[in-house]
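Each chain, written out:
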Amino acid sequence: MKISFVKPGLPSKGAVVVTAFDNRKLSAGAAEADEACGGAITRAMANSRFKGGKGQILEIAAPANVDVSRILVMGLGALKDIGDLDVEALGGRAVARLNASGEGQATLLLDPIGEARDAGRDAALAALGAHLRSYRFDKYRTKEKPEQKPTLKGFTVASAAHTAAKKAFAELEAIASGVFATRDIVSEPPNVIYPESFVERAKELTKLGIEIDVLGEKEMKKLGMGALLGVGQGSTRESQLLVMRWNGAGKPKAKGKAKPAKADQPVMVVGKGVTFDTGGISIKPAGGMEDMKWDMGGAGVVIGLMRALAARKAKANVVGICGLVENMPDGNAQRPGDVVTSMSGQTIEIINTDAEGRLVLADALWYGQETYKPKAIVDLATLTGAIIISLGHEHAGLFSNDDGLSEQLTTAGSSVGEKLWRLPLGEAYDKQINCQVADMKNTGNRSAGSITAAQFLQRFIQKGTPWAHLDIAGVTWSNEDKPSVPKGATAFGVRLLDRWIAAEHEK
Ligand code: BES
Ligand code: MN
Ligand code: ZN
């Protein structure tokens, strides 16, 4: 779907999309359209439940006296309550409705929304919502009938601030390219995306200026990554550790010191990349196991984030690391009772081979800290089913050793509609993973499963490094459409981390 920006004015073809507020108050564009079609909007409102409330839509097909094929009136609710996400949702909802109606072209007449808001930015935000909602993963559907396919080919925003809007949209489109890259790779089936093919996709990012390093099993063995390697040992696919670097703030200068100057330290983002999680020998039940193709969602976010940063030329140095493995049962698979030695030197007794994500992250986190001495670490992982019990699909779980970092991430998330909810860490929880046989075990008891998983990760964070863990198991995949997120892979985390880096690490 093509997005464009033009001067205000009624279009001569396709649908016209206009806005209204509470109590059926029409925007200037809506009033203009109403007059052009002889009061069709006023009459339709009088004969419907449409009140201009947030999310309400009134559709008028084939209005008289005008060339447009239909009028869509989008409710925005009360003026004082309209925020960025509402403007974005407006674009997204319009696209969904027009595709359902079979429309080919649409023009949104967007007047300035109140005096406090930036009209150019709002036009860009509405376009962003439209763009994000138009995403579709249909490459394996060969038999779709034309009436099952989306029809909308063009979405135009008409605004007096169209020049500023176009400029603002270029940056948002760069971020959206990262969101789409994540949705694409997370949606792929697990026979297509496995550790090595994941790496192949990441290599496309070198075109944008991202540097890539890949460690195979031989290299990881040399480094002593027994925790990650143990998870992958039952798979015929080779495990991989993928490192992506974006040096948008300039290459760090080697000064002959062991630890780089604070300004040169990168931000590090680490993703769980279990390309399929059967559970291993502690095998999962069959029902719903296909969902475990998206157990690489954290790694998928890292790849999309790196693309977004490079596409918008972010002025920050960021290292993205993905621990990529397939967790399979096999004659060579890891057993409950096995003891593995992680790169950190700490030993782990495997109690449940299905608690594999933390094992992968343990070595990925340690390797990243040893190699890059990051100034802050965020990891993302579809780590526990328990986080879905706690928070459902509304918030991702946030765990951190740093209040400032927690605040920053929560703020960034709420401004882009990717909400976080912080859960506690503490010694009493940490005790749950103490072990008789080794330094720790890979599961706690039945209580507080998401917290004990986070405690496990914290044992691999070096002293003094601000770290946050996002448990995204409940938000990586959506079974329902949201205004700017169609059902399927959400890419939750890409926009949040892009915003966080822009706000905190590009100053
Ligand atoms: N990948 C799963 C967690 C998960 C569950 C993600 C549902 C998305 C949806 C993870 O590897 C896992 O299996 N965790 C176990 C841990 C348990 C064995 C301690 C779980 O949550 O049951
Ligand atoms: Mn598992
Ligand atoms: Zn898993």
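Keep in mind the model is a prediction, meaning the values are calculated, not measured.

> I tried to follow the packing of helix α5 (residues 162-187) against helix α9 (residues 297-311) on my own but got confused; where do I start?
The axes of two packed helices give the description: the angle between them and the distance between them. Two numbers describe how α5 lies on α9: the axes approach to 7 Å, and their chain directions differ by 155°. With respect to their mutual orientation, α5 and α9 come out roughly antiparallel. Considering how the two elements wind past one another, α5 and α9 form a crossing that is right-handed. For the pair formed by α5 and α9, the contact residues are A174, I175, S177, G178, A181, T182, I185 and V186 on the first element and G297, G300, V301, I303, G304, R307, A308 and A311 on the second. Looking at side-chain class alone, the contact of α5 with α9 contains nine nonpolar, six polar and one charged residues.

> Explain the side chain of T275 here, please?
Note on placement: T275 falls in strand β10 (residues 267-277). Once residues lying within four places of it in the same chain are set aside, the contact partners of T275 are P190, I193, Y194, P195, M292, K293, M296, V325 and E326.

> I keep staring at the site of ligand 1 and nothing clicks. Help me out?
Around ligand 1, the structure places 17 residues, and the nearest of them are K284, D295, D354, E356 and G385. In the model, an oxygen atom of ligand 1 is placed 2.8 Å from a nitrogen or oxygen of the K284 side chain. One of the side-chain N or O atoms of E356 is found 2.8 Å from an oxygen atom in ligand 1. When ligand 1 is considered free in solution it has 520 Å² of accessible area, and contact with the protein chains removes 77% of it. Looking at side-chain class alone, the shell around ligand 1 contains five nonpolar, five polar and seven charged residues.

> Is there a simple way to explain the coordination of the manganese ion (ligand 2) in this structure?
In a perfect tetrahedron of four donors around a metal, the angles come out at 109.5 degrees. In a perfect octahedron of six, they are 90 or 180 degrees. Within the protein, D277 (OD), D354 (O), D354 (OD) and E356 (OE) serve as the donor atoms for the manganese ion (ligand 2), at 2.0 to 2.2 Å. Read in sequence order, the donor residues for the manganese ion (ligand 2) give the motif D-x76-D-x1-E. Separating the manganese ion (ligand 2) from the zinc ion (ligand 3) is a gap of 3.1 Å, bridged by D277, which donates to each. A residue pair is termed long-range when its members are at least 10 positions apart, and D277 in strand β10 and E356 in the loop between β13 (347-349) and α10 (357-372) qualify at 79 residues. The class for D277 is buried, based on a relative accessible area of 2%.

> Sorry, what's going on with the coordination of the zinc ion (ligand 3) here?
Protein coordination of the zinc ion (ligand 3) is provided by K272 (NZ), D277 (OD), D295 (OD) and E356 (OE), with donor distances spanning 2.0 to 2.4 Å. Counting along the primary sequence, the residues that act as donors to the zinc ion (ligand 3) give the motif K-x4-D-x17-D-x60-E. Judged by its relative accessible area of 2%, K272 falls in the buried class. On the accessibility criterion, D295 (2% relative accessible area) is buried.

Definitions and cut-offs
Residues numbered from 1 in each chain as written. Chains lettered and ligands numbered in written order. Predicted model: local features only at pLDDT ≥ 70, side-chain atom pairs only at ≥ 80, totals over all residues. Heavy atoms only, no water. Axes fitted to C-alpha atoms, helices over the stretch in contact; angles between N-to-C directions. Helix = DSSP H or I, 4+ residues; strand = E, 2+ residues; numbered from the N terminus. Parallel < 35°, antiparallel > 145°, perpendicular 65-115°, else oblique. Left-handed = near helix turned anticlockwise from the far one by under 90°. Contact = heavy atoms within 4.5 Å. Nonpolar A, V, L, I, M, F, W, Y, C, P; charged D, E, K, R; others polar. Near = heavy atom within 4 Å. Polar contact = N/O pair within 3.5 Å; in protein donor to acceptor, adjacent residues only side chain to side chain. Areas by Shrake-Rupley, 256 points an atom, 1.4 Å probe, with all protein chains shown as cover. Donors = N, O, S within 2.8 Å, 3.2 Å for Na, K, Ca; no water. Buried < 20%, exposed > 50% of the residue type's maximum accessible area, 1.4 Å probe, protein only.

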